[in-house]
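Here is what each chain is made of, one letter per residue.
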Amino acid sequence: MSFYIIDILPYLKGEAILNIEKLLGMVLRNTSKKEELQKQLKSILKRKFLPIFKEHLLSDKNHITKQIFLEGGFLLKEEGWEISEIDFPLIEFHDYIYLPLEFYEIILEDGFFLKNHFLIGALKKVPKRELFFWKTWLEKETQIQFYHETQEKYLLKFYFYVLLSPINLPFITLKKRIYSLEEVFREYLNKHPLLLWNENFYFYQALTKLNLYYGDSFVYFENTKLKLKELLLLFLTGKLIPIFEKGKIQHLVATRELRDIEISTYTPSDNVKSLYQINIKI
């Protein structure tokens, strides 16, 4: 989880503050005008840095901002890194560097991230009741409660909750980005509870029941034999997510962000194409 620049500012070192102000071209220290500063800050981030950030994400070349974003919003600062040499207003705090939460609020509202199959963009298409059953399922599996202060910040908080949850993924090679329900579930679409999910259950509610009734049975997905419960972990962790239109699922999307166990197989020199694969041993 990251920080808002406007909130963490009093706790930053002087040089860290100066570097952020230099890149933004504005003074942030008069926090008595917090709302006005926040509005200006987000405007600059959106206009000046969001286009560059999108280029970094789609480029075969690595950039530190892309790595931070894919790995959950923060990285441990390594020896030899000079934050002042990075052309992006990152937060440097307690030996970690962060993408600011103001920037995530901008990302959350931009259609680019849905179009290019990022979890943060796809979450905007998930109905609130589906999020409730997804949250309930994840809380049960991880024994970690989800807390959020306001409804306004719910999606952003939930994004990090899903992305950083300690769930081990199975060894599966995801060969593409978009799947149909039939490709993933096949025979289960005509069995309870998926048979009834569209009328009587919400999708994530049906998945939890599917896990309960058939979780130990074996399935083949992408030419890999695994237990159904292992396949369902892809939905639990947001690696596969349904895209809803008018309350109906149009298709399933394999998202790009990385989970903890994936990060161990990913290095900054890897290109974007490598993110199409989840090569993890349980």
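Higher on the page you've got the structure.
Described below are features of the structure shown in this document. (Residues numbered from 1 in each chain as written. Predicted model: local features only at pLDDT ≥ 70, side-chain atom pairs only at ≥ 80, totals over all residues. Heavy atoms only, no water.)

1. Things to note about helix 12 (residues 228-236)
Owing to its 3.6 residues per turn, the α-helix brings residues three or four apart onto one side.
Consideration 1: Most of helix 12 sits inside the fold, with 7 of its 9 residues counted as buried.
Consideration 2: Taken as a whole, helix 12 has its buried residues at Leu228, Leu231, Leu232, Leu233, Leu234, Phe235 and Leu236.
Consideration 3: At the exit of helix 12 stands glycine 238, carrying a positive phi of roughly 80 degrees. (Buried < 20%, exposed > 50% of the residue type's maximum accessible area, 1.4 Å probe, protein only. Helix = DSSP H or I, 4+ residues; strand = E, 2+ residues; numbered from the N terminus.)

2. Here's the deal with the environment of glutamate 102
Consideration 1: Checked against the element boundaries, glutamate 102 lands in helix 5 (residues 101-108).
Consideration 2: The exposure class of glutamate 102 is buried, given its relative accessible area of 0%.
Consideration 3: Counting along the chain gives 60 residues from glutamate 102 to lysine 42, while the straight-line C-alpha distance between them is 6.2 Å.
Consideration 4: In contact with glutamate 102, other than residues within four places in its own chain, are Phe3, Tyr4, Ile5, Ile6, Gln38, Leu41, Lys42 and Leu45.
Consideration 5: Here the side chain of glutamate 102 touches isoleucine 6 through a polar contact of 3.2 Å, landing on its backbone nitrogen. (Contact = heavy atoms within 4.5 Å. Polar contact = N/O pair within 3.5 Å; in protein donor to acceptor, adjacent residues only side chain to side chain.)

3. Some thoughts on the nonpolar core
Consideration 1: Counting 102 residues, the largest nonpolar core has Phe69, Phe185 and Phe203 as the members making the most contacts within it.
Consideration 2: If you tally residues by element for this core, the top one is helix 9 (residues 154-163), at 9 residues.
Consideration 3: Among all residues touching phenylalanine 185, those that are not within four sequence positions of it are Leu194, Phe203, Leu207, Leu210, Leu232 and Phe235. (Core = buried A, V, L, I, M, F, W, Y, C linked by side-chain atoms within 4.5 Å.)

4. Quick notes on the sheet that holds strand 2 (residues 91-93)
Consideration 1: Reading across the sheet, the 3 strands line up as 1-3-2 and stay open at both edges, with antiparallel pairing between neighbours. Looking at which strands have only one partner, the edges of the open sheet turn out to be strand 1 (74-76) and strand 2. Adjacent strand axes in the sheet meet at a mean angle of 20 degrees, parallel and antiparallel pairs treated alike.
Consideration 2: Direction of pairing for strand 1 relative to strand 3 (residues 96-98): antiparallel, over a ladder of 3 bridges. Directly across from leucine 75, in strand 3, lies its bridge partner isoleucine 97. (Pairing = 2+ DSSP bridges. Axes fitted to C-alpha atoms, helices over the stretch in contact; angles between N-to-C directions.)

5. Some thoughts on the packing of aromatic side chains
Consideration 1: Applying the stated criterion across every chain yields a total of 36 aromatic pairs.
Consideration 2: Look at phenylalanine 53 and phenylalanine 103: their rings are 5.0 Å apart centre to centre, the planes differ by 85 degrees, and that puts the pair in the edge-to-face class. Here phenylalanine 53 is found in helix 3 (residues 34-58), whereas its partner phenylalanine 103 is found in helix 5, with 50 residues between them in sequence.
Consideration 3: Exposure remark for phenylalanine 53: the relative accessible area of 0% places this residue in the buried category.
Consideration 4: Linked through ring pairs, Phe49, Phe53, Phe69, Phe88, Phe103, Tyr104, Phe112, Phe113, Phe118, Tyr159 and Phe160 together constitute an aromatic cluster.
Consideration 5: Here the basic side chain of lysine 191 rests over the ring of tyrosine 214, its NZ or CZ set 5.3 Å away from the ring centre.
Consideration 6: Above the face of the phenylalanine 218 ring, lysine 225 is positioned so that its terminal group lies 4.8 Å from the ring centre. (Phe/Tyr/Trp six-rings, centres within 6.5 Å; stacked < 30°, edge-to-face > 60°. Lys NZ or Arg CZ within 6 Å of the ring centre and 35° of its normal.)

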